[in-house]
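This is what each chain is made of:
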Amino acid sequence: MLESDLKYLYEIQKLDIEIDGLKENLESVPKRIKQLTLDLEKHKSSIEREKNNISELNAKKKESSKRLENIITGLKKNLNKGKSVTSGREGEALLNEKTHLEKDKAMYEDRLQELDDSIKKGKLNLSNLEDSLGDVIKSTEEDIKLYNKKKKELTKEIEILDDKKKRIAVHIEDTTLIKKYERIRLNRDGIGMVMIEKPICGGCFVKLPYQLYSDVKLNEEIHYCEICGRILYWKGHIDGK
Ligand SMILES: [Zn+2]
């Protein structure tokens, strides 16, 4: 009987909406797990990057320290040579050299100070990153476990609803009706049948012609929205009016 067929089909539509929502949720699980894994990898690579940065800074520091040492040696030599100057020209050259060496000394001292500051900053950053890594690993593992649990739950829920759908479908006498419904659903965002309570399509929200609205209310045959093609079902039939 058409009336009960439509009523059952409407039950199927309600279940399909629920199933679609669950499936969407289910599909997002692997993406979320992937994101969590990526975030953890990012954290780990930040640690590696900071370690490299510190070792580069240390190498620069070593290099600058060596230069500073040479400059200090040079200044000592310059001082000693000054003790035995024989000509004014020699004295001038030594003074010139001393000025240059002192300028270089100041420059390398500044550079070393800057490098020390950067190393200190880098070490602090590294220790913060290393301290929080354990927590990040732990929370990532917990979240992944939760997502996997959720995945199982959703799969189970979908199975139950699918089963319910099958049990309802056997009551529908006109088997082509389900096929028609499925085809519309596929092309119309998962909604193949809409319930109406006023002369407006519940799917595309376009006003229904008065004659069509009256015919739908009569419930003697299947009616479709002239715009979106969805099966129309009058609310009164559910309410028993
Ligand atoms: Zn419509």
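Residues numbered from 1 in each chain as written. Predicted model: local features only at pLDDT ≥ 70, side-chain atom pairs only at ≥ 80, totals over all residues.

(A) Examining the domain arrangement of the chain more closely. As far as domains go, the chain holds domain 1 (21-169) and domain 2 (175-239). In this structure, domain 1 and domain 2 have C-alpha centres spaced 62 Å apart. (Domains from an automatic or database assignment.)

(B) Representation of unusual backbone geometry within the structure. With a phi close to 50 degrees, D189 is a non-glycine residue in the positive phi region. Even without glycine at this site, F205 takes up a positive phi of about 65 degrees. By the secondary structure assignment, F205 is in the loop between β1 (193-196) and α4 (210-218). (Helix = DSSP H or I, 4+ residues; strand = E, 2+ residues; numbered from the N terminus.)

(C) Fine view of the nonpolar core. Core analysis: the largest hydrophobic core is formed by 19 residues, its most contacted members being L9, M193, L232 and Y233. For this core, the elements supplying multiple residues, two or more each, are α1 (2-83), α3 (175-187), β1 and β2 (231-234). Not counting chain neighbours up to four residues away, the residues in contact with L9 comprise I172, L177, I178, Y181 and M193. (Core = buried A, V, L, I, M, F, W, Y, C linked by C-beta atoms within 7 Å. Buried ≥ 20, exposed ≤ 12 C-beta atoms within 10 Å, placed from the backbone. Contact = placed C-beta atoms within 7 Å.)

(D) Here's a closer look at the packing of α1 against α3. Close contact between α1 and α3 brings their axes to 11 Å; oriented N to C, the two are set at 35 degrees. The crossing of α1 and α3 is right-handed. Contacts between α1 and α3 involve D5, L9 and D16 from the former and L177, I178, Y181 and R185 from the latter. Within the contact of α1 with α3, the residues separate by chemical class into four nonpolar, no polar and three charged. (Axes fitted to C-alpha atoms, helices over the stretch in contact; angles between N-to-C directions. Left-handed = near helix turned anticlockwise from the far one by under 90°. Nonpolar A, V, L, I, M, F, W, Y, C, P; charged D, E, K, R; others polar.)

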